[in-house]
Amino acid sequence: MKQLEALAREAQSFSVADASTSSPMVEQPVRWIGNAPRGASGDTPSQAPKPQAGTLTGDEAEVARVMQICNACRYCEGFCAVFPAMTRRLEFGKADLNYLANLCHNCGACLHACQYAPPHEFAVNVPQAMARVRMQTYTDYAWPAALGTLYKRNGLALCLATAFGLALFLVLAVLMAGGLFHEPMAGNFYAVFPHNTLALMFGAVFGFSMLALGVGVTRFWRNVSPGAASGAAVAEAAHDALRLRYLDGGHGKGCNNADDAFTLWRRRFHHFTFYGFMLCFAATCVATLYHYLLGQQAPYPMLSAPVLLGTAGGIGLLIGPAGLLWLNIKRHPQQGDAAQKPMDRGFIVLLFLTSATGLALLGGRDGGAMALLLAIHLGVVMALFLTLPYGKFAHGIYRSAALLKWSIEKRQPNKLQLGSD
Ligand code: SF4
Ligand code: SF4
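Thresholds applied
- Residues numbered from 1 in each chain as written.
- Chains lettered and ligands numbered in written order.
- Predicted model: local features only at pLDDT ≥ 70, side-chain atom pairs only at ≥ 80, totals over all residues.
- Helix = DSSP H or I, 4+ residues; strand = E, 2+ residues; numbered from the N terminus.
- Buried ≥ 20, exposed ≤ 12 C-beta atoms within 10 Å, placed from the backbone.
- Contact = placed C-beta atoms within 7 Å.
- Near = placed C-beta within 6 Å.
- Nonpolar A, V, L, I, M, F, W, Y, C, P; charged D, E, K, R; others polar.
- Core = buried A, V, L, I, M, F, W, Y, C linked by C-beta atoms within 7 Å.
- Domains from an automatic or database assignment.
- Expected span 1.5 Å × (residues − 1).
- Axes fitted to C-alpha atoms, helices over the stretch in contact; angles between N-to-C directions.
- Parallel < 35°, antiparallel > 145°, perpendicular 65-115°, else oblique.
- Left-handed = near helix turned anticlockwise from the far one by under 90°.
- pLDDT = per-residue confidence, 0-100.

Asks: Honestly, the overall build of the protein in this entry has me stumped. Any pointers?
Replies: Across its full length, the protein carries 14 helices and four strands. For the protein, with 421 residues in total, the buried portion stands at 42%. Long-range contacts, defined here as pairs at least 24 residues apart, represent 75% of the contacts in the protein between residues at least 6 apart.

Asks: It is not clear to me how the site of ligand 2 should be interpreted in this structure. Could you clarify?
Replies: If you check the shell around ligand 2, you find 15 residues, and the closest are Cys-80, Cys-104, Cys-107, Cys-110 and Pro-127. For the shell around ligand 2, the element with the most residues is helix H6 (residues 126-140), which contributes three residues. Partitioning the shell around ligand 2 into residue classes produces twelve nonpolar, three polar and no charged.

Asks: Just checking my understanding: could you explain the site of ligand 1 for this structure?
Replies: Around ligand 1 sit 13 residues, and of these Cys-70, Cys-73, Tyr-75, Cys-76 and Cys-114 come closest. Those elements giving two or more residues to the shell around ligand 1 turn out to be helix H2 (58-73) and helix H5 (109-113). Element by element, the count of residues in the shell around ligand 1 is highest for H2, at three residues. Here the residues of the shell around ligand 1 are counted per class, giving eleven nonpolar, one polar and one charged.

Asks: What should I look at first to understand the nonpolar core in this one?
Replies: Side chains that are nonpolar tend, in soluble globular proteins, to be buried together. Counting residues in hydrophobic clusters, the biggest one holds 98 residues, and the most contacted among them are Val-63, Leu-100 and Leu-103. Looking at which element gives the most residues to this core, the answer is helix H13 (residues 370-387), with 14 residues. Mapping this core onto the domain boundaries places at least three of its residues in each of domain 1 (2-144) and domain 2 (145-406). Setting aside anything within four residues of it in sequence, one finds Val-63 in contact with Leu-97, Leu-100, Ala-101, Ala-129, Met-130 and Val-133.

Asks: I tried to follow H2 on my own but got confused; where do I start?
Replies: Think of an α-helix as turning once every 3.6 residues; residues three or four places apart then point the same way. For H2, which comprises 16 residues, the first-to-last C-alpha distance of 23 Å matches the rise-based estimate of 22 Å (1.5 Å per residue) to within 8%. Burial of H2 is extensive: 15 of the 16 residues sit out of reach of the surface. Positioned one or two residues after H2, Arg-74 has a phi angle of 65°, which is positive.

Asks: Sorry, what's going on with the packing of helix H8 (residues 195-224) against helix H14 (residues 393-409) here?
Replies: If you want to describe how two helices pack, look at the angle between their axes and the distance between the axes. Put simply, H8 and H14 touch, their axes get as near as 10 Å, and they point 30° apart. One way to sum up the angle between H8 and H14 is to call them roughly parallel. For the pair H8 and H14, the crossing hand works out as right-handed. Here Leu-213, Gly-216, Val-217, Phe-220, Trp-221 and Val-224 of H8 lie close against H14, whose contacting residues are Ala-394, Ile-397, Tyr-398, Ala-401 and Lys-405. Residue classes in the contact of H8 with H14 are distributed as nine nonpolar, one polar and one charged.

Asks: Hey, could you run me through helix H9 (residues 231-243) in this one?
Replies: Compared with the 18 Å implied by 1.5 Å per residue over 13 residues, the 18 Å span of H9 between its first and last C-alpha is a close match. Leu-244 lies just past H9 and shows a positive phi near 50°.

Asks: I'm lost on the packing of H9 against H14 in this one. Help?
Replies: Here H9 crosses H14 at 140°, and the two axes come no closer than 8 Å. With respect to H14, the element H9 is oriented oblique. In terms of crossing hand, the pair formed by H9 and H14 is right-handed. Facing H9, whose interface residues are Ala-233, Val-234, Glu-236, Ala-237, Asp-240 and Ala-241, H14 presents Ser-400, Leu-403, Leu-404, Ser-407 and Ile-408. When its residues are assigned to classes, the contact of H9 with H14 shows seven nonpolar, two polar and two charged.

Asks: Is there a simple way to explain the environment of Phe-206 in this structure?
Replies: Within the secondary structure, Phe-206 is located in helix H8. Sequence separation between Phe-206 and Leu-386 is 180 residues, and the spatial gap between their C-alpha atoms is 7.6 Å.

Asks: Got a minute to help me understand unusual backbone geometry in this structure?
Replies: Negative phi is the rule for most residues except glycine; trans is the rule for most peptide bonds. At the junction of Trp-143 and Pro-144, the peptide bond is cis and its omega measures out at -10° in the coordinates. With respect to the helices and strands, Pro-144 occurs in the loop between H6 and helix H7 (145-177). The omega torsion across Ala-298 and Pro-299 is 5°, close enough to zero to call that bond cis. By secondary structure assignment, the location of Pro-299 is in the loop between helix H10 (265-292) and helix H11 (305-330). With a phi angle near 50°, Ala-123 is a residue other than glycine that sits in the positive phi range. Along the chain, Ala-123 falls in the loop between H5 and H6. In this structure Ala-123 comes out as buried when scored by C-beta crowding, with 20 C-beta atoms within 10 Å.

Asks: Could you clarify how one ought to interpret the confidence of the model for the protein in this entry?
Replies: As a general rule, the predicted coordinates of low-pLDDT regions are not to be interpreted in detail. Of all residues in the protein, 85% have pLDDT values of 70 or greater, and the mean over the chain is 83. A low-confidence stretch, residues 14-53 (pLDDT under 50), is modelled with 52 contacts involving residues beyond four sequence positions or located in other chains.

Asks: Looking at this structure, how should I read the environment of Ser-400?
Replies: Here Ser-400 is to be found in helix H14. Judged by C-beta crowding, with 17 C-beta atoms within 10 Å, Ser-400 ranks as partly exposed. Separated by 297 residues in the primary sequence, Ser-400 and Leu-103 place their C-alpha atoms 8.2 Å from one another.

Asks: Would you explain the environment of Asp-240 in this entry?
Replies: For Asp-240, the location among the structural elements is in helix H9. The sequence separation of Asp-240 and Ser-400 amounts to 160 residues, and the corresponding C-alpha distance is 8.5 Å. Ignoring any residue separated from it by four or fewer positions in sequence, one finds Asp-240 in contact with Arg-245 and Leu-403.

Printed below as a string of structure tokens:
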């Protein structure tokens, strides 16, 4: 143990020296005050001057510091992919840190297992340090960058304001076209908004969303430069992403949330949310096929494929986000980054509202308030898609890309031959 402490101390002193001298792009020396790296002027990371390409930010330098210590310790090597990926490196550049931060699933296991966690003077907190850099990557790689920054600062408020604004706009459009309440229309949405108008509106929003996400993940992928992917690497990464393998804590009992007890509920609520979202997406795709291939127009019967898929997905999208919000509120403050909560909650709340308004529309589609329910639901769905590239949805895309990089990397020879993989 004493030998380990000596190694960790050495690594810590190296990392301080590294952060201040080894990278020619670091413009200010970094000194450590408690757990937070600060610039020479005493600025906190968020107040520090914006870094240039290749410069380590204060949050990245903190991850580099804890990785140096972990590389000397290696107690958590079997917990997740972050530690074996770490052992393939002796130095941590910006691209490595962005990659490792997105490879971390924030399960919290290494915080509760760590003998160097606060209040130890080394103040090693891997999940929190990783969470800060992860959030920064969503902004750094976002396109357009200004929207990423706006969302980062005001995630929850921006989500709610966008949803409210779009829903209000559509409600006013319905009001001006003839009134919010009407004789029952047997669920004929196209009597309120013509099919081509809906296709144009949602095609534009969906297209923008996919373009922004595509640009962001392409930037991330190029930056981490992983090399060519084999079929086996792609299959393994897809398997790990779809199963959320690294939310099992490395032992199958689950991750930590409120304390050091293991729970599988974070993984389960993520699965409810993800598969609920995919079922709703499948319902839309099947309805599109019905419309264009079979010539069958909505409304579809309650036992038709689009309605059954949408209902099952909607229920999953109620349970999953409600559970994730509950876990988010109870989360141990040291496991994550408090500044990220508005972003997390903004996405969770929008998902919940999308599902709640969708199911309300399904329940009320034969009634006299169908137009009002439709306008509200469409406004919320548009807000969800507009904010997808900048919020918590992006973490799934970047994390999948990081998992693929790890699957590629672990199949390559380890030049250091120091790790156990
Ligand atoms: S998190 Fe702590 S216990 Fe785990 S490898 Fe790092 S220093 Fe060691
Ligand atoms: S928080 Fe979990 S996923 Fe992240 S580095 Fe620690 S053990 Fe790995």
